[in-house]
Amino acid sequence: MFVNDALVEFALEYAQSNGKYCEYVEIRSEINSTDTVSFINGKLHIGNLPIELTSDAFARKSGINIRIIADGGMGMTSTNQFTKKMIMESVDRAYRNAKRSGKQRKTPIGMSDEKVYKEEWQSEYKINPMDVSLEEKIKFLQSFVNIFNEKYPIEFIHIFVLLAEQREAYFVNSEGSRIRSHIPRVAFIPVVIGIKGGGQNEQSMATYATSSGWDDLISWNLEEKVRNTVVKLSDIILKAKKPPEGDIDVILGPDVAGIIAHENCGHPSEADRILGREGAQAGESYLREHSIGYKIGNDCVNVFDDPTIKGSYGFYLFDDEGVKARKRELIKDGIFNEMLQNRESASIFRTQSNAAARAVAYDREPLIRMANTYFAPGDYSFEEMVEDVKLGIFMNSFTEWNIDDKRLQSKYVGQEAYLIKNGELTNSMILKPALEISSPGLFSSIDAQGKLETLEWQGAFCGKSEPGQGCPVWTGGPFVRLRKVRLA
Amino acid sequence: MNEMEEKSYQLIDIIEERLEQFCTDWAIKALLNNENQIRFSESQIDIYKSWNEIKIILFLSQRRRTLDISINDLSIIAIDKALQNCEKLLEVAKLNLNYKKMPAGPFEYNPSIQQKIFDQKVVNLDETAVDIVNDATETALNEGANRVAGSFFYGDTQVIQKNSLGLEGSFNKTHLNFRIRAFAEDMYATGEAISCSTHLDHGFNAIDAGREAGMICKQAIGGKKGKPGIYNIIIYPKVSTELQAPTPSIAMNKYTQKMGLAWLVGKKEGDKIANDLISVWDDGIMDYGIQTSPFDDELVPTKKTLLINKGKIHQFFTNTSLSNKGQESTGNAGITVPKPTNTVFSTGDYSLEELMEISNKPTLLITSTWYTRYQSYAPPGALSSLPKDGMFLITNKGKKLEPVRELRINSDHYHMLEHTIALGKELKQVFTWLGTNPVFAPYMLIEDVKMTTGTK
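Residues numbered from 1 in each chain as written. Chains lettered and ligands numbered in written order. Predicted model: local features only at pLDDT ≥ 70, side-chain atom pairs only at ≥ 80, totals over all residues. Heavy atoms only, no water.

This part covers the overall build of chain B. Counting secondary structure elements, chain B contains eleven helices and 22 strands. Here the C-alpha radius of gyration of chain B, 23 Å, is about what a compact globule of 456 residues would show, namely 23 Å. Each principal axis of the C-alpha distribution contributes one length, and for chain B these read about 70 × 55 × 45 Å. Taken across its 456 residues, chain B has 64% of its residues classed as buried. Partitioning the contacts of chain B with sequence separation of at least 6, the portion at a separation of at least 24 is 72%. Taking the 50 positively charged and 56 negatively charged side chains of chain B as two groups, their mean positions are separated by 9 Å. (Helix = DSSP H or I, 4+ residues; strand = E, 2+ residues; numbered from the N terminus. Rg over C-alpha atoms; globule rule 2.2 N^0.38 Å. Buried < 20%, exposed > 50% of the residue type's maximum accessible area, 1.4 Å probe, protein only. Contact = heavy atoms within 4.5 Å. Lys, Arg positive; Asp, Glu negative; His and termini not counted. Charge placed at Lys NZ, Arg CZ, Asp CG, Glu CD.)

Laid out in structure tokens, this is it:
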């Protein structure tokens, strides 16, 4: 049940009355719904999973979030009890929390001046994944389980998860913003682990996700993709050989380019990380030591983030502070060009918010998050990139990855990878090529990006903050070539 | 009875009446949460948050077709709609072969547990919570930090449970979880410390955490890029949550094992998976343990269960349905999927200084780590993990600590446990924001770990 508008307006009014002086008030009421169905090694499972793929696997949440700035401090409360008494108690508590924080601070929290909107928006879709019957979802997943009825030279563990969710929100603030939103999303997550005796195994995990509805997801030929993955994992285990040594060139597939755009550029561009606000959680940013205008990589490097891409998993038109969304050009022509900002960080940097504030549910504060982060396309076809490589590898997908908490030192271990020799892509598979490289080292090694037609997307759940918020995003890119790097 | 409690019992009655109409088995769990968090950075409070929530968690079964859901949309319309939906879902769901039944009881619960998990002082902490943050901050700054960041969670939860077999019970618990990270002027020199407990005066000390973070941060100043190679490593207790605890808390889950989802696939009771000096328990009755409770989701009394006995698998933790024939539940329900409680390691004979003295190869002291990622969940659980905060090359038998940076751990769970060659004397409870459950771990010395670094 949605909190009715009258109660939301009551909360807003109450927060600014009865002797309370607030510099800023916002109220956000939401309904969050999640349905998850899985098959684990062929067995149907409806509920929570023991491994961290989903949380609150089958959930209905409805509540109200109150955020107040008073005396220069910020307080937040949330509740799922919709009585006037409880609303008043929650507002009073947020106010007290704000004042207690403000008393401790040396510098007051501020918000940038932003345009006020009264809007309604939603993603475009035909079939809401929340309306799809369980029978149809089971049938969809069963088709992937059936892939394993065939014979393969190795054993497999397989998990298929289908996550449908819907977020309906109503946002109001003390400046006059009134924004209503509705967005259903769906994600299909296949996890396939190929195992051969003797400790050899390869794991593939992908996320195919959209906000364009169920019909969009099922049009993506996913069964063929998963079948190809199964075959590839067998090939990797049985045929892949050690990577070449020394300085080589590396061509990254869109999957790998996407995760790099997200981890090495998107995250360090988050202004709250640069300011230290995530210092004890997701970490800070190597860009803290640099200003806008810092030359971070070669001129051809462009990395953008855009919430307005239709059908994207990270789609939105207004953020959770009521700011209108737009494309953000994080790295432009090799230069650190723009941070991801919310209203608080924008006020510190004396700029405008670029609508990066997102919350995943009513009981979470809006934080600076990415939406859809990608390497911009360039001028090269894949063939053109390959023919200019004397010795190198083509890393089409990745398995393990991590990056330090300043987003400086990263590691990407290739999964499906091939040797390139004398300008030709060979059939020789390469085993676990590990690219361990710093962010500046990476961006200064890129000399070519693929054309627009090679741009592809992957869904992901970006983790940040405490309590955690797994935010739906896309990561993407075309093929990207790195020159003269050494594998670990 | 307060308003939240009254409302919860009303909701339970309404839901029970609905479930009786179409379920053969059911269980209702109501969580009444009052939670608070103070987040701070640059030595200032960023935001002070409070949550007040009733959450209803349901297990439903219709002739062994099962469903787990959670609801916190508490309107009768929403609950009715959710349960109508559940009835339809159960009709099309398949038989859950992993679910047999819940135990009938009756059970007796240990009355002494309640006082070891609930502290009224925590419920009344609002007036002084900011002071706790300030005191720890000041201590860290006095130790040499330039600025601090962190998070202080505190709160109380009432748990009310009832099931179709006529079992019911409730308990209250409190928790405190304080984390502070200290930064030097050089932003790459940092130190972090945690203090957590259920009680303000037992095992919780935010000032000590501030001191520890400040000291590590100061020692980390001037760190140089480390040399890749094979090292012994000495890890702080909180590093165990990422490197050592996943084996007992995830891989030794009977469900995970049965479904072949983790790196102990193929292993059974009696198999050796760790050095002889390692024993590990899942302890649901640990004093002041954050996950301690009198009973589990089946209302089975919790207990202390030996998982690894001197390096060998003793048993997996389980619920009633997944227990072996002739064996009892270990009190770890999750009715469909078991859950860990507190993971507790054995202790050894050494102080931290003594561990540094006895390690006879190049040794790194690792105070913190993060972003542990797996190449595969299959055996042996190959992973890499990134030390963050102060990491030190131990020289001269621990008399000198040289700060180093930019090294990455590359190993696997089999190696980590088999090559743990010495343990510290004391346990510390840690519950990190990346951990699945609280861990009580000592310092540990692990042999021959591969450390790599970036090539460009």
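Right, picking up where we left off after that structure.
Here the focus is the environment of Val 430 of chain B. Residue and element names in this part refer to chain B. Structurally, Val 430 can be placed in strand β20 (residues 428-430). Between the C-alpha atoms of Val 430 and Ile 194, which are 236 residues apart in sequence, the distance is 6.7 Å. Not counting chain neighbours up to four residues away, the residues in contact with Val 430 comprise Cys 196, Pro 237, Lys 238, Thr 241, Asn 437, Pro 438 and Val 439.

In this model, chain A carries a mean pLDDT of 94, and residues with pLDDT of at least 70 account for 97%. Within the model, the stretch residues 52-56 of chain A combines pLDDT values under 50 with 15 contacts to residues more than four positions away or in other chains. (pLDDT = per-residue confidence, 0-100.)

Here the focus is the interface of chain B and chain A. Each partner contributes to the interface: chain B provides 87 residues, whereas chain A provides 96 residues. A buried area of about 8100 Å², summed over both sides, lies between chain B and chain A, and 49% of it is on carbon and sulfur atoms. Its largest share of buried area at the contact with chain A, chain B owes to Arg 39, Gln 375 and Lys 456 of chain B, together 10% of the area lost on that side. On the surface where chain B and chain A come into contact, there are twelve salt bridges. Residue Glu 284 of chain A is joined to Arg 147 of chain B by a salt bridge in which the shortest nitrogen-to-oxygen separation is 2.8 Å. (Buried area = accessible area lost by both parts, 1.4 Å probe. Salt bridge = Lys/Arg side-chain N within 4 Å of Asp/Glu carboxyl O.)

Residues and elements named next belong to chain A. Relative orientation of the contacting elements helix α3 (residues 134-145) and helix α5 (residues 222-239) amounts to 30 degrees, with a least axis distance of 9 Å. It follows from the interaxial angle that α3 and α5 lie roughly parallel. Judged by the sense of rotation from one axis to the other, the crossing of α3 with α5 is right-handed. Contacts from Phe 140, Ser 143 and Phe 144 in α3 reach Leu 222, Glu 223 and Val 226 in α5. (Axes fitted to C-alpha atoms, helices over the stretch in contact; angles between N-to-C directions. Parallel < 35°, antiparallel > 145°, perpendicular 65-115°, else oblique. Left-handed = near helix turned anticlockwise from the far one by under 90°.)

Time to look at the sheet that holds strand β10 (residues 304-309) of chain B. Residues and elements named next belong to chain B. If you trace the six strands from one edge of the open sheet to the other, you get β11-β10-β9-β12-β21-β20, paired in mixed fashion. At either end of the open sheet lies a strand with only one pairing partner, and these are β11 (312-313) and β20. Examined bridge by bridge, strand β12 (residues 343-345) and strand β21 (residues 439-441) share two bridges and lie parallel to one another. Bridge pairing in β21 places Thr 343 opposite Val 439. (Pairing = 2+ DSSP bridges.)

Residue and element names in this part refer to chain B. The tally for this structure, following the rule as stated, stands at five cavities of 30 Å³ or more. Lining the largest cavity are 15 residues, with Glu 192, Glu 242, Ser 368, Thr 369 and Thr 432 positioned closest to its centre. Counting only elements with at least two residues in the lining of the largest cavity, the list comes to β6 (190-197), α7 (237-243) and β14 (369-374). For the lining of the largest cavity, the element with the most residues is α7, which contributes four residues. Residue classes in the lining of the largest cavity are distributed as six nonpolar, four polar and five charged. (1 Å grid on protein atoms, 1.4 Å probe; cavity = no way out; pocket = protein on both sides within 12 Å on 5 of 7 lines; lining within 4 Å. Points joined across faces, edges and corners; volume = space filled by probe spheres on them. Nonpolar A, V, L, I, M, F, W, Y, C, P; charged D, E, K, R; others polar.)

As for its position among the elements, Ser 345 of chain A is in helix α8 (residues 343-349). The contact partners of Ser 345 of chain A, leaving out residues within four places of it in the chain, are Ala 271, Leu 275 and Ile 368 of chain A.

What follows is about the layout of surface pockets. What the second largest pocket holds in volume is close to 760 Å³. In terms of lining, the second largest pocket is formed by 29 residues, of which the most central are Asp 35, Arg 60 and Met 130 of chain A together with Lys 81 and Asn 85 of chain B. Partitioning the lining of the second largest pocket into residue classes produces 13 nonpolar, seven polar and nine charged.

Turning our eyes to something else, we now look at the packing of aromatic side chains. Evaluated as defined, the whole model comprises 37 aromatic pairs over all chains. Pairing Tyr 117 of chain A with Phe 318 of chain A gives two aromatic rings, centres 5.0 Å apart and planes at 65 degrees, and the pair type is edge-to-face. Here Phe 318 of chain A lies in the loop between β11 (303-305) and β12 (328-332) and Tyr 117 of chain A lies in the loop between α2 (84-104) and β5 (118-122), a separation of 201 residues in the sequence. Residue Phe 318 of chain A is classed as buried on the basis of its relative accessible area, which comes to 6%. Among the aromatic residues, those joined into a cluster by ring pairs are Phe 140, Phe 144, Phe 148, Tyr 152, Phe 156, Phe 160, Phe 188, Tyr 208 and Trp 214 of chain A. One Lys or Arg, Arg 180 of chain A, reaches over the ring of Tyr 170 of chain A and ends 4.1 Å from the middle of that ring. Lys 304 of chain B extends its terminal NZ or CZ atom over the ring of Trp 281 of chain B, reaching a point 4.9 Å from the ring centre. (Phe/Tyr/Trp six-rings, centres within 6.5 Å; stacked < 30°, edge-to-face > 60°. Lys NZ or Arg CZ within 6 Å of the ring centre and 35° of its normal.)

Residue and element names in this part refer to chain B. Viewed as axis vectors pointing N to C, helix α5 (residues 126-142) and helix α6 (residues 206-219) meet at an angle of 30 degrees, and their least axial separation amounts to 7 Å. In terms of axis orientation, α5 runs roughly parallel to α6. Where α5 crosses over α6, the handedness of that crossing is right-handed. Two secondary-structure elements touch here, α5 through Ile 132, Asp 135, Ala 136, Thr 139 and Ala 140 and α6 through Ala 206, Ile 207, Gly 210, Arg 211 and Gly 214.

Moving on, we get to unusual backbone geometry. With an omega of 0 degrees, the peptide bond running from Gly 105 of chain B to Pro 106 of chain B counts as cis. You can see Pro 106 of chain B is positioned in the loop between α2 (76-92) and α3 (113-117). The residue after Pro 379 of chain B, namely Pro 380 of chain B, is reached through a cis peptide bond having omega 5 degrees. The topology assignment puts Pro 380 of chain B in the loop between β14 and β15 (382-387). Even without glycine at this site, Asn 41 of chain A takes up a positive phi of about 45 degrees. Within the secondary structure, Asn 41 of chain A sits in the loop between β1 (24-40) and β2 (43-45). With a phi close to 45 degrees, Lys 432 of chain A is a non-glycine residue in the positive phi region. Tracing the backbone through its elements, the reader meets Lys 432 of chain A in the loop between β21 (424-429) and β22 (434-438).

Next up on the list: the pairing of β6 of chain B. Residue and element names in this part refer to chain B. Burial within β6 is extensive, with eight of its eight residues counted as buried. Where burial is concerned, the two faces of β6 agree: the one with Thr 190, Glu 192, Ile 194 and Cys 196 and the one with Gly 191, Ala 193, Ser 195 and Ser 197 are both buried. As defined by bridge partners, strand β5 (residues 168-183) adjoins β6 across eight bridges and the pair is classed as antiparallel. Bridge pairing links Arg 181 to Glu 192 in β6. If you look at the hairpin formed by β5 and β6, you'll find six residues sitting between the two strands.

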